[in-house]
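Notes for the structure review
Letter by letter, the chains look like this.
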Amino acid sequence: MKDLIRSLTECFGPSGHETVVRELIRREIPRGWEPRVDPLGSLLVHRAPTGASGRAAGAGGTGRRVMLAAHMDEIGVVVTHVDQKGFVRFGGVGGVMQLPLLGGRVQFRGPEANGSGGPTGVIGLEKVEDASRVPAMDKFYIDMGASSPADCPVKVGDVACFHRSYEDLGNRLVAKAMDDRIGCAVLLQVMKELDASPNDLWLVFTVQEEVGLRGAGPSGFGIEPEIALSVDVTLTGDTPECAPMAVSLGAGPAVKIKDGGMLAHAGVKDWLLSTAQSASIPCQREVLVRGTTDATAIQVSRAGVPAGCLSIPSRYTHSPSEMVDYGDVQGAVKLLVRALSQPVELHG
């Protein structure tokens, strides 16, 4: 999966600008799955129930309509002003943190197939008056190498993503946009490995998660699933002097119990945990104090959906260097393939 992960994370795709990512994903969809794009731009990929041969099983099967969602968008910045010297002021697109900004680079969309090759700038900072405080966003600027608005290659409203290369450290992978291209990679790999399923499957690559879960709700409303899962990243508690959290890199994917926006359905949680136990797949239990996923929006669509989340542990989330463990990623694929290969019965 590493080549796929590299390709996905190096794509240009801030919230509202997911076209390049969507087209890459569409090219990777295996035969037997039917893709379509909804009005907001989310990619919905469907496969009817299949028998042991992989052929359509027809009506009357015992499976359920199951929706899995991973979001295509990443955090970024948007130009708000270009001053008389050509320096660019900006705001965040999604949850951009100030600490990693200084000296970082951003890239606007370019002509390459993955959106690269566009204008690149360096993030600078005004004089710091109080070194004990994190500077506000309006104290930062982007240096595009320009000397006036006339030779500045970007304008108000242009959107950029953080510019950082993918790095393979062996078991650990580092890139911008692991949140949530790693979830997209997991869903694609599940499609490729899932030979047959009695369930009516909808694997959805959503838009605009980082700015308010905006793509997942409409997709869930249209599909009307009986069970839903998001596949997204979560934080870890395994770095020096970090906030306590019972999730570590390398200990397996994490089954969400609760986060800042959702209580996971007890039956969905138990379905994932019991599947992992029966298949001897290492996994963790996750409680995330702040932050949430697409499952929150899907859970309250239409008359309500039993929903949960399978999380990929990630260090340095919402920075340009998000780190995941390759074993955790592979474990997530194995768990989902096993869970979807059989009829889903929820208890609790």
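What counts as what
- Residues numbered from 1 in each chain as written.
- Predicted model: local features only at pLDDT ≥ 70, side-chain atom pairs only at ≥ 80, totals over all residues.
- Heavy atoms only, no water.
- Pairing = 2+ DSSP bridges.
- Helix = DSSP H or I, 4+ residues; strand = E, 2+ residues; numbered from the N terminus.
- Axes fitted to C-alpha atoms, helices over the stretch in contact; angles between N-to-C directions.
- Contact = heavy atoms within 4.5 Å.
- Core = buried A, V, L, I, M, F, W, Y, C linked by side-chain atoms within 4.5 Å.
- Buried < 20%, exposed > 50% of the residue type's maximum accessible area, 1.4 Å probe, protein only.
- Phe/Tyr/Trp six-rings, centres within 6.5 Å; stacked < 30°, edge-to-face > 60°.
- Lys NZ or Arg CZ within 6 Å of the ring centre and 35° of its normal.
- Parallel < 35°, antiparallel > 145°, perpendicular 65-115°, else oblique.
- Salt bridge = Lys/Arg side-chain N within 4 Å of Asp/Glu carboxyl O.
- Polar contact = N/O pair within 3.5 Å; in protein donor to acceptor, adjacent residues only side chain to side chain.

Let's talk about the sheet that holds strand 13 (residues 227–234)
Taking strand neighbours across the sheet as the criterion, the eight strands line up as 1-2-12-3-13-16-14-15 in an open arrangement whose pairing is mixed. With partners counted over all chains shown, the strands left at the sheet margins are strand 1 (34–37) and strand 15 (284–287), one partner each. Strand after strand, the sheet turns through a mean of 25° between neighbouring axes, direction not considered. Packed on one face of the sheet, helix 4 (residues 216–223) meets strand 2 (43–47), strand 3 (65–71) and strand 12 (200–206) and runs near 165° to strand 3.

Observations concerning the nonpolar core
Generally speaking, a soluble globular protein has its nonpolar side chains buried in company with each other. One finds L8, I25, V186, F205 and W271 to be the most contacted residues of the largest nonpolar core, which totals 58 residues. Setting aside its immediate chain neighbours within four residues, V186 contacts M1, V231, I312, V329, A332, V333 and L336. Core analysis: the second largest hydrophobic core is formed by 20 residues, V77, V88, M144 and A160 among them.

Observations concerning the packing of aromatic side chains
Evaluated as defined, the whole model comprises one aromatic pair. Here the aromatic rings of F87 and Y141 are separated by 5.3 Å at their centres, their planes lie at 75°, and the arrangement is edge-to-face. Of the two residues, F87 sits in the loop between strand 4 (76–82) and strand 5 (88–93) while Y141 sits in strand 8 (residues 140–143), which places them 54 residues apart along the sequence. Of the residues examined, F87 reaches a relative accessible area of 25% and is grouped as partly exposed. When the ring centre of Y326 is taken as reference, the NZ or CZ atom of K2 above it lies at 5.0 Å. In this structure, R302 packs its charged tip against the face of F221, placed 4.0 Å from the ring centre.

Here we look at the side chain of S230
Mapped onto the elements, S230 comes out in strand 13. Judged by relative accessible area, which is 1%, S230 ranks as buried. In contact with S230, other than residues within four places in its own chain, are A69, T293, D294, A295, G308, C309 and L310.

Some remarks on the packing of helix 1 (residues 2–9) against helix 2 (residues 19–28)
Orientation of helix 1 relative to helix 2, taken along the N-to-C sense of each, is 155°, at an axis distance of 10 Å. The angle between helix 1 and helix 2 falls in the class roughly antiparallel. Facing helix 1, whose interface residues are L4, S7 and L8, helix 2 presents V21, L24, I25 and E28.

Considering unusual backbone geometry
Residue D179 is joined to D180 through a cis peptide bond whose omega torsion reads 5°. Here D180 lies in helix 3 (residues 178–193). Within the chain, E224 stands out as a residue other than glycine whose phi angle is a positive 55°. Mapped onto the elements, E224 comes out in the loop between helix 4 and strand 13. Taking the relative accessible area as the measure of exposure, E224 reaches 43% and is therefore partly exposed. Here R302, not a glycine, exhibits a phi torsion of approximately 50°, which is positive.

Here we look at the pattern of salt bridges
Applying the stated criterion across every chain yields a total of 18 salt bridges. A salt bridge links D200 to R65; its shortest N-O distance comes to 3.8 Å. One end of the pair, D200, is in strand 12; the other, R65, is in strand 3, and 135 residues separate them in sequence. Given a relative accessible area of 17%, D200 falls into the buried group. Given the relative accessible area of 28%, R65 is considered partly exposed.

Description of the pairing of strand 13
Where burial is concerned, most of strand 13 is hidden: eight out of the eight residues are buried. When strand 3 meets strand 13, the two strands line up parallel, connected through four bridges. Bridge pairing in strand 13 places M67 opposite A228. Pairing analysis gives seven bridges linking strand 13 to strand 16 (residues 307–313), with the strands arranged parallel. The residue of strand 16 that forms the bridge with L229 is G308.

Some thoughts on the side chain of R181
Along the chain, R181 falls in helix 3. At 3.3 Å, the side chain of R181 and the backbone oxygen of G13 are in polar contact. Each residue touching R181, except ones within four places of it in the same chain, is listed here: L8, T9, C11, F12, G13, V21, H71, M72, D73, E74 and K176.

Describing the sheet that holds strand 11 (residues 172–175)
Strand order in this open sheet of three strands is 10-11-17, and the pairing throughout is antiparallel. Edge positions in the sheet fall to strand 10 (167–168) and strand 17 (322–325), since each has one partner strand and no second. In this sheet, strand 11 lies alongside strand 10 in antiparallel orientation, the contact comprising two bridges. Opposite D168, over in strand 11, you have L173 as the bridge partner. In the packing of helix 7 (residues 326–340) onto the sheet, the strands contacted are strand 11 and strand 17, and the crossing angle to strand 17 comes to about 60°.

Everything listed here is a matter of coordinates, which is why it stays silent on function.
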